[in-house]
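Listed here are the chains, written in short residue letters.
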Amino acid sequence: ALYAFVYCITTMFMVFGLFNVIAAIFVENTLAAAKFNHVFQKRQRLLDTQMFAERASDLVHLIWKKYKQRVASPDMSFSDGSVSGDGYTERLDLNEVSQIQITPEFFTELRSCRAFQDLLIALDISDEDQLDLFETLDVDGGGTIDIEELIVGLRKLRGDARKSDIVGVSLIVRSTQLALNRFMENVEKTLGEQSRAIRTLHAGINGGKVRPGS
């Protein structure tokens, strides 16, 4: 009876442990499959140029519409609302769009618009990147961004940081450093030549002053 009791207890613990292992493997595989599916869907979205073009077009329509409202009524607040993929049917005036300069104040107003936020999310711009988005897109530090800078910048911001991005930045910094070193060498060489020319000129002037009195 004692051996039977010990056997039953041992078997019960073994079965319990075995089921725990099976459950852990199942949960781990489910989470891995879900992560892989999420990454795969995100990659498909990033490779979908047609989707990006449609969402970028919606974004440009929205900015143009809000810009016209702002010019017509500077004190009018933006209306909130969601945007569908076919939500903009008004024909764009490309000349007007090319002249749009987005200031920090206008960009803040755009970010307060729910439709603008939805479009950024649809373009896979993370919430963290949206916080300082204007400073990120204003690459020349001019205080304004145009539509081309906006679209090109958003295209580069999509998705997670990749190794190629880091290597690209490193190569650009290295190239800039080499160009700066060459510039400094040329400046030092030019300054040396100018210094020698000035000393020669001073010597000539001083020599000319001495001759009449000699």
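As the structure is a computational prediction, the values presented were derived from the model and not from experiment.

Caption draft 1: Just the overall build of the protein chain, in detail. Assigned secondary structure in the protein chain consists of nine helices and zero strands. Residue burial in the protein chain is summarised as follows: out of 214 residues, 20% are buried. Roughly 15,800 Å² of accessible area belongs to the protein chain as shown, and the carbon and sulfur atoms make up 61% of that amount.

Caption draft 2: Helix α8 (residues 147-157), seen in detail. By the burial criterion, the buried members of α8 are Ile147, Leu150, Ile151, Gly153, Leu154 and Leu157. One side of α8 holds all its buried residues, which, seen down the axis, span an arc of 165 degrees. With respect to the buried face of α8, the exposed residues turned more than 90 degrees away are Glu148 and Lys156. Against the buried residues of α8 lie α2 (49-72), α3 (94-99), α4 (104-111), α5 (114-122), α6 (127-131) and α7 (133-137). Two residues or fewer past α8, Gly159 is found with a positive phi of approximately 80 degrees.

Caption draft 3: Main features of the pattern of salt bridges. Applying the stated criterion across every chain yields a total of three salt bridges. When the shortest N-O distance is used, the salt bridge between Arg70 and Glu109 registers 2.9 Å. Residue Arg70 is located in helix α2, and its partner Glu109 is located in helix α4; the two are separated by 39 residues in the primary sequence. Residue Arg70 is classed as partly exposed on the basis of its relative accessible area, which comes to 26%. Using a relative accessible area of 26% as the deciding quantity, one classes Glu109 as partly exposed.

Caption draft 4: Region of the structure containing the confidence of the model for the protein chain. With 84% of its residues at a pLDDT of 70 or more, the protein chain has an overall mean of 80. When pLDDT is averaged over each element of the protein chain, α4 comes out on top at 89 and α6 at the bottom at 77. Residue range residues 78-89 is modelled with pLDDT below 50. Its contacts to residues more than four positions away, or to other chains, number 23 contacts.

Caption draft 5: Region of interest: the packing of α2 against α5. Following both chains from N to C, one finds α2 and α5 inclined at 160 degrees, their axes separated by 10 Å at the closest point. Classed by the angle they form, the pair α2 and α5 counts as roughly antiparallel. Crossing geometry of α2 relative to α5 is assigned as left-handed. Of the residues in α5, those in contact with Met51, Arg55, Asp58, Leu59, Leu62 and Ile63 of α2 are Ala115, Phe116, Leu119 and Ala122. Its residues assigned to classes, the contact of α2 with α5 comprises eight nonpolar, no polar and two charged.

Caption draft 6: Spotlight on the packing of α2 against α8. For the pair α2 and α8, interaxial distance at closest approach is 11 Å and the crossing angle is 145 degrees. For the pair α2 and α8, the crossing hand works out as right-handed. Where α2 approaches α8, its residues Thr49, Phe52, Ala56, Leu59, Val60 and Ile63 are matched on the opposing element by Ile147, Leu150, Ile151, Leu154 and Arg155. Each residue belonging to the contact of α2 with α8 can be placed in one class, and the counts come to nine nonpolar, one polar and one charged.

Quick notes on the rules
- Residues numbered from 1 in each chain as written.
- Predicted model: local features only at pLDDT ≥ 70, side-chain atom pairs only at ≥ 80, totals over all residues.
- Heavy atoms only, no water.
- Helix = DSSP H or I, 4+ residues; strand = E, 2+ residues; numbered from the N terminus.
- Buried < 20%, exposed > 50% of the residue type's maximum accessible area, 1.4 Å probe, protein only.
- Areas by Shrake-Rupley, 256 points an atom, 1.4 Å probe, with all protein chains shown as cover.
- Arc of directions from axis to C-beta.
- Contact = heavy atoms within 4.5 Å.
- Salt bridge = Lys/Arg side-chain N within 4 Å of Asp/Glu carboxyl O.
- pLDDT = per-residue confidence, 0-100.
- Axes fitted to C-alpha atoms, helices over the stretch in contact; angles between N-to-C directions.
- Parallel < 35°, antiparallel > 145°, perpendicular 65-115°, else oblique.
- Left-handed = near helix turned anticlockwise from the far one by under 90°.
- Nonpolar A, V, L, I, M, F, W, Y, C, P; charged D, E, K, R; others polar.

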